[in-house]
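Each chain is listed here by its residues.
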Amino acid sequence: MIGLVIVSHSNKIAEGIVDLCYEMAGKDLNIIPAGGTSDGRIGTDPILIKDSIEKAYDGDGVAILADIGSSIMSSELAMEMLEDDIKKKTCILDTPIVEGSIAVSVQASISKDMEDIKRAAEEARTTRKIS
Amino acid sequence: MCNSNILIKIIENMGKNIIENKDYLTELDRVIGDADHGINMSKGFSAVDAKLDEMNGKDWGSILKTVAMTLISTVGGASGPLYGTAFLRASTVVDGKMEIDKEDIINMFEQAVEGIKMRGKSDKGDKTILDALIPAFEALKLAYEEGKDTKTAFKMAEEAALEGVEYTKNIIAKKGRASYLGERSIGHQDPGATSTYIMIKSINEVLEQN
């Protein structure tokens, strides 16, 4: 299964999104929250993100969903610190963190193909809520 | 020419000056950013301070790598990956060296600049760390090319960094939260460029005492 890592400046947001995804896509998801700093401040921690990617990885790949600003930079740095075989199967998705996480988690529950995951993330990015 | 003991003194002095300027950096960041730069940098350098003892007797590469990994794991804001990458990249060119020369100093600086450019997808003129760091690097390189000694070269780098900080008051922020302000960011000095200036000044203070 493709693993997911939710990177937010807020630990509560990351954990909340994980809860939401379990609710929407099922409990057997491989989804790890990586929010806040190790001492409980608002912020991001590349080491925590790296550890979370390794936790989420079961051989199929890992998709990272991040909120804003330094969450992307921290995720990129975390990826550079990974072993090569995990690194080449890990990507950061350019999508809103809540909508994207739900769409991608549903996709991850039915597909092991990273291209399907990326497509779901892309669709979530452009889907209007009020038509 | 420069042994690794001096690096430990420099790192210690950087920490002291960053922590002393915590409120100042946070105040600069409150105006155009998210008011956490001083707090984040102080957190990072306090954690670095706690590791100074274990750096004793280590080579330049190992010390810089410890600083990098500590900042990366404790800062929390964008300055963590940015400065962390700078120290990490710098560490790679002095790996295993107990003594370094002018060429190593230029190489370390160049790696730091390139690392921050790559990590932040940024360049001079974006109102960031790079507006202090790039002029400082260029001044340092020029000073060495003109045959100046290390103390003089770093003095010139410090002056160039300060000019860079002043320059950030006149330009629009293109990165981070400050970029949301557009033209309203003009008139305010960049906190990242300021912390870079403080770090370069910290190098000088130690060189002058030794």
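Please read all numbers here as calculations on a predicted model, not as lab measurements.

Participant: Explain the overall build of chain B to me, and be specific about the residues and the numbers.
Facilitator: When its secondary structure is counted, chain B shows ten helices and two strands. N-terminal to C-terminal, the α/β element order of chain B is β-α-α-α-α-α-α-β-α-α-α-α. Principal axes of the C-alpha set define a box for chain B whose edges measure 45 × 40 × 30 Å. The buried share among the 210 residues of chain B stands at 56%. Put simply, 70% of the contacts in chain B that link residues at least 6 apart link residues at least 24 apart. Accessible area for chain B stands at about 8900 Å²; split by element, carbon and sulfur atoms hold 50% of it. When the 26 basic and 33 acidic side-chain charges of chain B are each reduced to a single mean position, those positions are 4 Å apart.

Participant: Mind laying out the pattern of salt bridges, listing which residues take part and the relevant values?
Facilitator: The final tally for this structure, using the stated rule, is 21 salt bridges over all chains. Close ionic contact of Lys43 of chain B with Asp39 of chain A constitutes a salt bridge, the shortest N to O distance being 3.2 Å. Remark: Asp39 of chain A occurs in the loop between strand 2 (31-35) and helix 2 (46-56) and Lys43 of chain B occurs in helix 3 (residues 37-49); the pair is interchain, linking two chains. Judged by relative accessible area, Lys43 of chain B falls into the partly exposed class, the value being 36%. Look at the salt bridges and you will find they share partners, linking Asp39 and Arg41 of chain A together with Lys43 of chain B into a network.

Participant: Now, about the environment of Ser101 of chain A: what can you tell me, with residues and values included?
Facilitator: All names here are of chain A. In this structure, Ser101 sits in helix 5 (residues 97-108). You can call Ser101 buried: its relative accessible area is 0%. Along the backbone, Ser101 and Val18 are 83 residues apart, and their C-alpha atoms lie at a distance of 8.4 Å. When residues no more than four places from it in sequence are discounted, the contact partners of Ser101 are Ile6, Ile17, Cys21, Leu65 and Pro96.

Participant: Tell me about the interface of chain A and chain B, residues and numbers included.
Facilitator: Taken together, the contact between chain A and chain B spans 16 residues of the former and 17 residues of the latter. When chain A packs against chain B, close to 1300 Å² is buried across both sides, 56% of that on carbon and sulfur atoms. Its largest share of buried area at the contact with chain B, chain A owes to Arg41, Met73 and Leu77 of chain A, together 43% of the area lost on that side. If you look at where chain A meets chain B, you find seven residue pairs in polar contact (both at pLDDT 80 or more). Sort the elements by how many residues they give to the side of chain A that touches chain B and helix 3 (residues 70-80) of chain A lands first, with six residues. Its residues assigned to classes, the side of chain A that touches chain B shows five nonpolar, six polar and five charged.

Participant: I'd like a rundown of the state of the cysteines, residues and numbers included.
Facilitator: All names here are of chain A. Tallied over the entire structure, the rule returns zero disulfides over all chains. Sulfur of Cys91: no disulfide; nearest cysteine sulfur belongs to Cys21 and is 15 Å away. Given the relative accessible area of 13%, Cys91 is considered buried.

Participant: Give me the lowdown on the packing of aromatic side chains, citing residues and values where you can.
Facilitator: Residues and elements named next belong to chain B. Across all of its chains, the model carries two aromatic pairs over all chains by this definition. Here the aromatic rings of Phe109 and Phe137 are separated by 6.2 Å at their centres, their planes lie at 10°, and the arrangement is stacked. Remark: Phe137 occurs in helix 8 (residues 130-145) and Phe109 occurs in helix 7 (residues 102-120); sequence separation between them is 28 residues. As far as the burial class goes, Phe109 and Phe137 line up, both buried.

Participant: Give me the lowdown on empty space enclosed by the protein, citing residues and values where you can.
Facilitator: Residues and elements named next belong to chain B. Counted according to the given criterion, the structure contains one cavity of 30 Å³ or more. Of all the elements in the fold, those that place two or more residues in the lining of the largest cavity are helix 1 (4-20), helix 5 (60-74), helix 6 (79-92), helix 7, helix 9 (150-167) and helix 10 (191-209). Broken down by class, the residue content of the lining of the largest cavity amounts to 25 nonpolar, two polar and no charged.

Participant: An account of the pairing of strand 2 of chain A is needed here, citing residue identities and associated values.
Facilitator: Counting buried residues in strand 2 of chain A gives four out of five residues, a clear majority hidden from the surface. Viewed along the sheet, the connection from strand 1 (residues 3-8) of chain A through helix 1 (residues 11-25) of chain A into strand 2 of chain A turns out right-handed.

Participant: I'd like to hear about the environment of Thr85 of chain B, residue by residue, with values.
Facilitator: Here Thr85 of chain B lies in helix 6. Expressed as a C-alpha distance, the spacing of Thr85 of chain B and Gly176 of chain B, which sit 91 residues apart in the sequence, is 17 Å. Residue contacts for Thr85 of chain B: discarding those within four places in its chain leaves Leu77 of chain A together with Gly80, Gly115, Met118 and Arg119 of chain B. Here the side chain of Thr85 of chain B touches Pro81 of chain B through a polar contact of 2.5 Å, landing on its backbone oxygen.

Participant: How would you summarise the sheet that holds strand 4 (residues 90-93) of chain A if you had to cite specific residues and measurements?
Facilitator: All names here are of chain A. Read across the sheet, four strands follow the order 2-1-3-4 without closing on themselves; strand pairing throughout is parallel. One side of each edge strand has no neighbouring strand; the edge strands of this open sheet are strand 2 and strand 4. On average, each strand axis in the sheet is tilted by 20° relative to the strand beside it, whichever way the strands run. Packing of helix 3 onto the sheet brings it into contact with strand 1, strand 3 (62-66) and strand 4, and relative to strand 4 it is tilted by some 175°.

Participant: Report on helix 7 of chain B, specifying residues and quantitative values.
Facilitator: Counted at 1.5 Å a residue, the expected span for helix 7 of chain B with its 19 residues is 27 Å, and the 27 Å between its end C-alpha atoms agrees. Within helix 7 of chain B, the full set of buried residues consists of Asp104, Ile105, Ile106, Met108, Phe109, Ala112, Val113, Gly115, Ile116, Arg119 and Gly120 of chain B. The elements touched by buried residues of helix 7 of chain B are helix 3 of chain A together with helix 5, helix 6, strand 2 (99-100), helix 8 and helix 9 of chain B. The backbone nitrogen of Glu103 of chain B lies 3.2 Å from a side-chain oxygen of the residue at the head of helix 7 of chain B, namely Asp101 of chain B. The first or second residue beyond helix 7 of chain B is Lys121 of chain B, which carries a positive phi of 45°.

Criteria and cut-off values
Residues numbered from 1 in each chain as written. Chains lettered and ligands numbered in written order. Predicted model: local features only at pLDDT ≥ 70, side-chain atom pairs only at ≥ 80, totals over all residues. Heavy atoms only, no water. Helix = DSSP H or I, 4+ residues; strand = E, 2+ residues; numbered from the N terminus. Buried < 20%, exposed > 50% of the residue type's maximum accessible area, 1.4 Å probe, protein only. Contact = heavy atoms within 4.5 Å. Areas by Shrake-Rupley, 256 points an atom, 1.4 Å probe, with all protein chains shown as cover. Lys, Arg positive; Asp, Glu negative; His and termini not counted. Charge placed at Lys NZ, Arg CZ, Asp CG, Glu CD. Salt bridge = Lys/Arg side-chain N within 4 Å of Asp/Glu carboxyl O. Buried area = accessible area lost by both parts, 1.4 Å probe. Polar contact = N/O pair within 3.5 Å; in protein donor to acceptor, adjacent residues only side chain to side chain. Nonpolar A, V, L, I, M, F, W, Y, C, P; charged D, E, K, R; others polar. Disulfide = S-S within 2.5 Å. Phe/Tyr/Trp six-rings, centres within 6.5 Å; stacked < 30°, edge-to-face > 60°. 1 Å grid on protein atoms, 1.4 Å probe; cavity = no way out; pocket = protein on both sides within 12 Å on 5 of 7 lines; lining within 4 Å. Points joined across faces, edges and corners; volume = space filled by probe spheres on them. Right-handed = clockwise from strand over helix to strand, strands pointing away. Pairing = 2+ DSSP bridges. Axes fitted to C-alpha atoms, helices over the stretch in contact; angles between N-to-C directions. Expected span 1.5 Å × (residues − 1).

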